[in-house]
2 protein chains.
Amino acid sequence: MDLQQGFLRFKKRFLTKKKDNEQEMVTMNHQIDLKGRTFEKRNQSAQHYVNGLNAPEDENLEAESHEDDLANENTVDGGNVGGEDSDERGTARASTFYVDQQESPAHEDRGQLNLLSAAFESLDYDTCINSVWLDEERTKGYTFIVKKDAARWLVVLITGVLTALVACAIDITIEWLSKFKYSWLKQYTDEGVENNTLAIPFFLWGALNVGPVLIAAFLGSYVEPVAAGSGIPQVKCYLNGVKVPRVVRIKTLASKAFGVTMSVLGGLAVGKEGPMIHSGAVIAAGVSQGKTTSFQRDFGFFEYFREDHEKRDFVSAGAAAGVAAAFGAPVGGVLFSLEEGASFWNQSLTWRVFFGAMMSVFTLNLVLSAYNGVPGKLAYNGLLNFGKFDDLTYEIWEFIPFLLMGIMGGLLGALYNHINFKLTAFRMKYINRPWRKIVEAVFVAFMTAVVAFLMIYLLHDCREIDTKSSEYPIQMFCKYGEENAAAAIWFQTPEKSVRSLFHDPTDSFSWTTLGVFFTCYFFLACWTYGLGIPSGLFIPTLLCGAAWGRLVGKLMSLLFPDQAWADEGKYALVGAGAMLGGVVRMTLSLTVILMECVGNITFGLPLMIVLMVAKWVGDFFNEGLYDIHIQMTGVPIMAWEAPPLSNNIYASEVMNRPVVSLRTVERVGRIVAVLKSYSYNGFPVVDSLPTGEDERYFKSFGTLRGLILRSQLTVLLKHKIFNENAEIWQDGKVDIHLFRLSYPRYYTLDQVNLDQADMNCTVDLRPFINPSPYSVMACTALPRVFNLFRALGLRHLIVINDNNEVVGMVTRKDLVKYRVWKHRGQMGLEELVIYNNV
Amino acid sequence: MDLQQGFLRFKKRFLTKKKDNEQEMVTMNHQIDLKGRTFEKRNQSAQHYVNGLNAPEDENLEAESHEDDLANENTVDGGNVGGEDSDERGTARASTFYVDQQESPAHEDRGQLNLLSAAFESLDYDTCINSVWLDEERTKGYTFIVKKDAARWLVVLITGVLTALVACAIDITIEWLSKFKYSWLKQYTDEGVENNTLAIPFFLWGALNVGPVLIAAFLGSYVEPVAAGSGIPQVKCYLNGVKVPRVVRIKTLASKAFGVTMSVLGGLAVGKEGPMIHSGAVIAAGVSQGKTTSFQRDFGFFEYFREDHEKRDFVSAGAAAGVAAAFGAPVGGVLFSLEEGASFWNQSLTWRVFFGAMMSVFTLNLVLSAYNGVPGKLAYNGLLNFGKFDDLTYEIWEFIPFLLMGIMGGLLGALYNHINFKLTAFRMKYINRPWRKIVEAVFVAFMTAVVAFLMIYLLHDCREIDTKSSEYPIQMFCKYGEENAAAAIWFQTPEKSVRSLFHDPTDSFSWTTLGVFFTCYFFLACWTYGLGIPSGLFIPTLLCGAAWGRLVGKLMSLLFPDQAWADEGKYALVGAGAMLGGVVRMTLSLTVILMECVGNITFGLPLMIVLMVAKWVGDFFNEGLYDIHIQMTGVPIMAWEAPPLSNNIYASEVMNRPVVSLRTVERVGRIVAVLKSYSYNGFPVVDSLPTGEDERYFKSFGTLRGLILRSQLTVLLKHKIFNENAEIWQDGKVDIHLFRLSYPRYYTLDQVNLDQADMNCTVDLRPFINPSPYSVMACTALPRVFNLFRALGLRHLIVINDNNEVVGMVTRKDLVKYRVWKHRGQMGLEELVIYNNV
């Protein structure tokens, strides 16, 4: 039994770790025994830092035993402890008490799925309710609450409107510029056929593709690498609680918006929808913070929204507004946010998100209706992205071909994802310099022109010119009054091509044209996704699907001639849905988005079934493309549920040890030393540091009093809020604003100027700590720990023993590193390798 | 400032309670001091119970001090401590440490919104991972996980199909029987007009209304009172985590389904949609448990789903399937479940819920298409509940009338809710016997006939007979070839009337007819909701709204004659949406449901805006009707967020004290005594009970070792799993199945047969307790406690002190009793009164 093997594999992995401490943990009175486990003592870096700062001797003495651990841990941390050693028992390192962390994967290990990057920080959804926070709250009344609530609606409104405006700008620029491009190309092509100088339009096409793509690639490689790609994976990570650096900056927005315009204009197999969703997220983050770090302006608005919790809520509203603007699908937008970020959802948030999406569509339709010459006609069908399907009826037995198409979509999607996965791995290994990325993008742009031109040149699929279907009819080698059908697909943006495949009359395209187009486009699209340019995935995938869907439609009308239901466009829609479902593996939101895009509800049921089947079939082989990319970049994204069968893993087995704890009243010198030596972001605050050898198995790090964050400590140091500087308190300068001002880019230690005298001062941490951090006992089962993280959006969870003493600390990576895999009906648990850099 | 007053009111309420212990709590080292607070000592009931069971003296001695508290607490608990005393400081009782609980509200206090009933138990979303549970898990592999997951999909599939079949049965029965009713009535009416014997059809109508309603009222009063009403409030409570007794039983399902058929047939202003949603929930609960307690059959399926967590997931899927079956709205169904139960939502659950809803619609359309003579035509427009709106275009400036209509809907909805609130209060005071409920229902049924008959008789609104609009045209006093328009509305089920108002051609109804109909129906519907019969709220509300919406439409075409957009049906739809939004105050799900009901997407935007405005306006005055009914029955439903400005309230202020704790190895006699004396459902398990006077302010109840539930204790007692009966362990009979078997109706103490010898035995609780229950420190702020409850679905939360000793216990009611009210722009916090019975 394959499943049994998976289970055994999982058992084996854990048994080695658990054997020696399982018995103690299971006994109900949590007796924590001494085990003959000693830590090697080395005095290295931490000590050096302290010495470098000329800390007096008593400092070192006072916390000696602790500093020893500091030093020791630090060494291990940076010391490249091999992951392959971790099964070896008996050595000090072979224990989950140490973070098994490697610097960077070896060249041949790049582009794997089983790694995690330690470079990503978590967002903290939990509010630190400390004394200074309470001091502020006590000055507030319900008026403030009502105002704050009103401000939330206002932010969402502004976000919706701005997102729509950005989307309109992208839309209109693309439409306007591609009008020039294609009419120019048409002119030269027509002349070229006449004068037999087809090389001219060919190279012109190449140049017109390469030019814009060069700009897009420059933006996506040199200016803002995080702007490359669709942006949906990044938004997904953000909503999941991972801080992807620079993902919600204005610079990213500008690069993304301008870059995607250029990518689409460059004729690549890309869409503009993903980047629009990302834009919405950036706009929401920007508006809600009332300041921009890029332009160094602080407008002073919405200061109370400067925390991860509020910001993330707004980002989910922004993403929804983005979907709404990209597809004209407000409900789809809400559902998209829901499918990606549902763990922190509540009713009033839902309504706000919905409102934002609604306002976004309203603005979009208002602007676009004016652009289309029907100002104010918001219900104008031409505004629908893929054109309106008026009456899509179907027969009950058509579910059979639909199901088969769902399976086909799942298979093709899995293939697409597999190829793209291999390609991305290749890219991570070899195309890892900006200039190489630019060369690749330019090459793909040129190849796209080659493929398109060859198709038009070689395929003699002629049809009568129908000005409704094609704006730039190319005669090529057809008779007078006829046009080349392949050119009709290629001489427009991919979005319009989808519309053509959905709505062009029966027999507009020949079997060969569709077949060749599908084959070429499938590989082109697969090659294009992952280039260093801003590019969406939805449209090219839909276009592939529409092509083979239309082929199925042709087959159906061949088999059942003269049947009203055998509509090529309908099958193209089903194919498009199946293909998209097979690639991205979303169901609910995708169904609604497609329904809203074609303005039809009655066809919802078949679409749902097709998407569901495509997802199931695809999931049999691999994961959705977004998830693959997320995993390859090593983002510690949290699954929806704890791994199954993990109830006999305890918090004590996943937690980090040793823990660096601070005293309630701590010396500045020690704080600086700790901050320099460790990259940790949260430190438990304890009564007093343990002295001497702790006789117990789980050495305690002091009785828990609270939790303090690195960001808070740097603020304290920066503003010198020391006990010796009493005047700073008297001036009333110490309040929550100090901490908000530095959000979200906290001071680094380099920005803190401390002189020698300061090092001897002390800080009373008590007014600033979170006095009741969430904590669990060492014997808590993993799923309970997981649920706490998942449901409350935690960043740090303190593990305590029976006497409320700190024994360990659990962070997101400790939980994420156990990942469930499912493949071809098998299932198992794998432990990911954590690297400092991926 | 009104808001300021609200704030002051809130401050005052808490200050009195906090004054004496705030200082201690704020200091960061949580020093817990002695306060000269002594507990009166009385030895009453608890002692008596123990004596009654002839427990030996040492039992009493051993835990004496504890038993004292037991007795004392119990006395206070039952002793009708007046809520009005709670502001009096200095007395032992005036403290939040005691549950201020009254037996039952006074007659004049019935039907208030500010009370809570202690009769409702919470569901426990948290799984108790104890040793016996782990023993089972260790025998399972991934095969089991895959099987369990497949079983989940299967359950959802079955639920969807069954729900649809029940809905079809209701639909078809109503349609079939009302065909008889109205054709019979038509015949007598036509004859009556001819022979001037209109009394005959009048009384016939009365009788045909009263007959079925009598059956419905009997079912809703005597057979199964919980089946009365719409069922949506009950489902909402269940999803929120409150166990409403008997709400998911088969008997309830049968009463509900048959009862609502009779209610609709009885011509009342009721819909069948709410009950269908409730039916879906019952079916899901039933199918997932694989057994029926009503019929005492255990099929042995799905035993592993027998826990609150799994069951609630299935119920949310069932509710979605119910919505899908009621309105043909699968996406709306998912969103309905989301809006009502979103706090425990995750992606895979969403997809399952979606699948269930989809299958439900598929089955529904399959059966109904066959019934309608177009078998297999699932996209047949006639299947849409309110008929298909093909092309609903609108002008941009029409948003102005839409907005005004939204405001109107909000106002009318608030009025509707207010009247119904007063009426329900009256009913709770005076119509509280089954027979009175039946009399009232019969009276309403008769009055409905009177109103309808008078309208037809008195209004001379004649129009040409259009067989498409009216199936049973009544000529009454009109010319030959014409029919009475009022009769056209009344001679059909309310659902069809909605369809008529949406789709009948312009000028089908006169101003007077619509005006009179709206006025009468508004009050009739308001009177009807809350009767002791199964009845839905959606359809009558939509009908009211459609009536005044059509009036607005008429006004628009009067003001702007010959404009294509001034369509009466469109305005009827907007009015219906506004009215429904104003009454129930849902936005997202309602928008989608309406969109799916009329098969139109382009009109989504105006509908959304109207619904949002109606909600805002309505919320200014009161809450949604479902929420009002939930509050009046005193269900401790949990809000979405913690009350604002409550960060300076600590867990120590809301927790229950004293706590009854059990020892890890406890004597049977004491367990029985504790279970008899207290109605608590969870007991902390501690190392040893504290002896002597505790010198500290917060007396500790022992060091926390775990939590055991009442249900687990009764199983232990029932099966005599005592240390003295070692053979029961050797036989391998002690496993998790024992506990699952008794789910969800646990043994009561009466079902446990213990003889004198058993009383002296001891039980080792350790293998059965939850060894790591969620706990918080006494200084934790209320919002953090609230978030834990909300996000994890807790039932008990243990409050510990600095040394991990139990000092209190927080349950759902302790949190729910602080409720935020908002009214006319004011906002404040109120403390609800807890009664044992409402």
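Residues numbered from 1 in each chain as written. Chains lettered and ligands numbered in written order. Predicted model: local features only at pLDDT ≥ 70, side-chain atom pairs only at ≥ 80, totals over all residues. Heavy atoms only, no water.

Draft legend 1. Quick look at the overall build of chain A. When its secondary structure is counted, chain A shows 32 helices and 19 strands. Burial status across chain A gives 66% buried among its 838 residues. For chain A, the proportion of contacts with a sequence separation of at least 24, taken over those separated by at least 6, is 78%. Summing over all exposed atoms, chain A offers an accessible surface of approximately 29100 Å²; the carbon and sulfur share of this is 57%. (Helix = DSSP H or I, 4+ residues; strand = E, 2+ residues; numbered from the N terminus. Buried < 20%, exposed > 50% of the residue type's maximum accessible area, 1.4 Å probe, protein only. Contact = heavy atoms within 4.5 Å. Areas by Shrake-Rupley, 256 points an atom, 1.4 Å probe, with all protein chains shown as cover.)

Draft legend 2. Quick peek at the relation of the copies chain B and chain A. Note on the identical chains: chain B maps onto chain A by a rotation of 180° and an axial translation of 0.0 Å, with an RMSD of 0.0 Å. Such a turn and shift between the copies fits a two-fold axis. (Least-squares fit on C-alpha atoms with pLDDT ≥ 70 in both.)

Draft legend 3. Structural detail: the interface of chain B and chain A. Taken together, the contact pairs 107 residues of chain B with 106 residues of chain A. Ionic pairing is found between A:Arg784 and B:Asp126, a salt bridge with its closest N-O pair at 3.0 Å. Between the two partners, chain B and chain A, sit 23 residue pairs in polar contact (both at pLDDT 80 or more). Along the lines of polarity and charge, the residues of the side of chain B that touches chain A split into 58 nonpolar, 30 polar and 19 charged. (Salt bridge = Lys/Arg side-chain N within 4 Å of Asp/Glu carboxyl O. Polar contact = N/O pair within 3.5 Å; in protein donor to acceptor, adjacent residues only side chain to side chain. Nonpolar A, V, L, I, M, F, W, Y, C, P; charged D, E, K, R; others polar.)

Draft legend 4. Representation of the sheet that holds strand β11 (residues 682–686) of chain A within the structure. All names here are of chain A. The strand order across the open sheet built from 3 strands is β9-β11-β12, with neighbouring strands paired in mixed fashion. Pairing within the sheet leaves two strands with one partner each, and these edge strands are β9 (662–663) and β12 (704–709). Inspection of the sheet shows β11 paired to β12 by 5 bridges, in the antiparallel sense. When the sheet's bridge partners are listed, Pro684 is paired in β12 with Leu707. Packing of helix α27 (residues 710–718) onto the sheet brings it into contact with β9, β11 and β12, and relative to β12 it is tilted by some 75°. (Pairing = 2+ DSSP bridges. Axes fitted to C-alpha atoms, helices over the stretch in contact; angles between N-to-C directions.)

Draft legend 5. Expanded view of the nonpolar core. Membership of the largest hydrophobic core comes to 350 residues, with the highest contact counts inside it found for A:Trp490, A:Phe502, B:Trp490 and B:Phe502. Setting aside its immediate chain neighbours within four residues, B:Trp490 contacts B:Tyr182, B:Trp205, B:Thr448, B:Val451, B:Ala452, B:Met455, B:Ile456, B:Phe517, B:Tyr521 and B:Leu524. With 70 residues, the next largest nonpolar core counts A:Ile145, A:Met638, A:Ala642 and B:Val799 among its residues. (Core = buried A, V, L, I, M, F, W, Y, C linked by side-chain atoms within 4.5 Å.)

Draft legend 6. The arrangement of the confidence of the model for chain A in detail. Residues and elements named next belong to chain A. The pLDDT averaged across chain A works out to 82; a share of 86% of its residues lies at or above 70. Ranking the helices and strands of chain A by mean pLDDT puts helix α15 (residues 399–430) first, with 95, and helix α3 (residues 45–52) last, with 34. Every residue in residues 1–100 is under pLDDT 50, and counting partners more than four places away or in other chains gives 180 contacts. For this predicted complex, the interface confidence score (ipTM) comes to 0.85, while the overall pTM stands at 0.86. (pLDDT = per-residue confidence, 0-100.)

Draft legend 7. Molecular detail of the packing of helix α21 (residues 568–584) of chain A against helix α22 (residues 588–598) of chain A. All names here are of chain A. Orientation of α21 relative to α22, taken along the N-to-C sense of each, is 150°, at an axis distance of 11 Å. As summarised for this structure, α21 and α22 are arranged roughly antiparallel, according to the angle between their axes. Between α21 and α22 the crossing geometry is right-handed. Contacts between α21 and α22 involve Leu573, Gly577, Leu580, Gly581 and Val584 on the former and, on the latter, Leu590, Leu594 and Val598. Partitioned by chemical class, the residues of the contact of α21 with α22 number 6 nonpolar, 2 polar and no charged. (Parallel < 35°, antiparallel > 145°, perpendicular 65-115°, else oblique. Left-handed = near helix turned anticlockwise from the far one by under 90°.)

Draft legend 8. A nonpolar patch on the surface, seen in detail. All names here are of chain A. A cluster of nonpolar residues, Trp397, Ile400, Leu404, Ile407, Leu411, Trp511, Leu555, Leu558, Leu559 and Phe560, forms a patch on the protein surface that exposes about 950 Å² of accessible area. Elements supplying a minimum of two residues to the nonpolar patch: α15 and α20 (538–559). Per-element tally for the nonpolar patch: the top contributor is α15, with 4 residues. Locating Leu411 in the fold gives a position in helix α15. On the basis of relative accessible area, Leu411 is assigned to the partly exposed category, the value being 41%. (Patch = residues over 30% accessible without salt bridge, like charges linked within 9 Å, V, L, I, M, F, W, Y side chains within 5 Å.)

Draft legend 9. View of the packing of helix α7 (residues 142–195) of chain A against helix α10 (residues 250–265) of chain A. Residues and elements named next belong to chain A. Two elements in contact, α7 and α10, have axes whose closest approach is 10 Å; the angle formed by their N-to-C orientations is 30°. It follows that α7 is roughly parallel to α10 by the angle criterion. The interaxial crossing formed by α7 with α10 has right-handed handedness. Residues Val166, Ile170, Thr173, Ile174, Leu177, Ser178 and Lys181 of α7 touch α10, and the partners they reach there are Ala257, Val260, Thr261, Met262, Val264 and Leu265. Of the residues assigned to the contact of α7 with α10, the class counts are 9 nonpolar, 3 polar and 1 charged.

Draft legend 10. View of the sheet that holds strand β9 (residues 662–663) of chain B. All names here are of chain B. Strand order in the open sheet formed by 3 strands is β9-β11-β12, with mixed pairing between adjacent strands. Pairing within the sheet leaves two strands with one partner each, and these edge strands are β9 and β12 (704–709). This element, helix α26 (residues 710–718), spans β9, β11 (682–686) and β12 of the sheet and lies at about 75° to β12.

Draft legend 11. Up close: the pattern of salt bridges. Residue and element names in this part refer to chain A. Enumeration according to the criterion identifies 65 salt bridges over all chains in this entry. Across the pair Asp619 and Lys615 runs a salt bridge whose closest N-O atoms are separated by 2.7 Å. Of the two residues, Asp619 and Lys615 both sit in helix α23 (residues 604–621), 4 residues apart, roughly one turn of that helix. What makes Lys615 buried here is its relative accessible area of 8%. A cluster of three or more residues bridged by salt bridges with shared partners is formed by Lys148, Asp149, Arg152, Glu310 and Arg352.

Draft legend 12. Representation of the packing of aromatic side chains within the structure. Residue and element names in this part refer to chain A. In total, this model carries 81 aromatic pairs over all chains according to the counting rule given. Ring geometry for Trp176 versus Phe180: centroids 5.3 Å apart, planes at 80°, classification edge-to-face. Separated by 4 residues within a single helix, Trp176 and Phe180 lie in helix α7, roughly one turn from each other. On the basis of an interplanar angle of 80° and a centroid distance of 6.3 Å, the ring pair of Trp205 and Phe453 is categorised as edge-to-face. (Phe/Tyr/Trp six-rings, centres within 6.5 Å; stacked < 30°, edge-to-face > 60°.)

Draft legend 13. Spotlight on the state of the cysteines. Residue and element names in this part refer to chain A. Under the counting rule described, the total for this entry stands at 2 disulfides over all chains. Through a disulfide, Cys462 is tied to Cys478; the S-S separation comes to 2.0 Å. Disulfide Cys462-Cys478: the torsion about the S-S bond is -90°, which places it as left-handed. In this pair, Cys462 sits in strand β7 (residues 462–464) while Cys478 sits in the loop between β7 and β8 (482–484), placing the two residues 16 residues apart along the sequence. Accessibility expressed as a relative area gives 9% for Cys478, which makes it buried. Cys168 takes part in no disulfide bond, and the closest cysteine sulfur to it belongs to Cys597, at a distance of 15 Å. (Disulfide = S-S within 2.5 Å.)

Draft legend 14. Layout of the pairing of β11(A). Residue and element names in this part refer to chain A. Most of β11 sits out of view: 5 of its 5 residues are buried. Every second residue of β11 is oriented toward a common face, with Gly682, Pro684 and Val686 on one face and Phe683 and Val685 on the other, all of them buried. Here β9 runs beside β11; their pairing, made up of 2 bridges, is parallel. Residue Arg663 lies in a different strand from β11, and its bridge partner there is Val686.

Draft legend 15. Spotlight on helix α9 (residues 250–265) of chain B. Residues and elements named next belong to chain B. Over its 16 residues, α9 extends 23 Å from the first C-alpha to the last, a length consistent with the 22 Å expected when each residue adds 1.5 Å. By the criterion of burial, α9 is predominantly enclosed, with 12 of the 16 residues buried. Of all the positions in α9, only Thr252, Leu253, Ser255, Lys256, Ala257, Gly259, Val260, Thr261, Met262, Ser263, Val264 and Leu265 are classed as buried. Just past α9, the residue Gly267 takes up positive phi, approximately 75°. (Expected span 1.5 Å × (residues − 1).)

Draft legend 16. Inspection of the side chain of A:Ser369 at higher detail. Within the fold, A:Ser369 resides in helix α14 (residues 347–371). With near-sequence residues (within four places) excluded, A:Ser369 lies in contact with A:Val374, A:Pro375, A:Gly376, A:Lys377, A:Leu378 and A:Leu383.

Draft legend 17. Structural context of the environment of A:Arg657. Residue and element names in this part refer to chain A. Tracing the chain through its elements places Arg657 in the loop between α25 (651–654) and β9. Residue classification places Arg657 among the buried positions, given a relative accessible area of 3%. Engagement of the side chain of Arg657 in a polar contact is seen with the backbone oxygen of Val807, the distance being 2.8 Å.

Draft legend 18. Structural view of the side chain of A:Asn770. One can find A:Asn770 in the loop between β13 (762–764) and β14 (775–777). Residue classification places A:Asn770 among the buried positions, given a relative accessible area of 4%.

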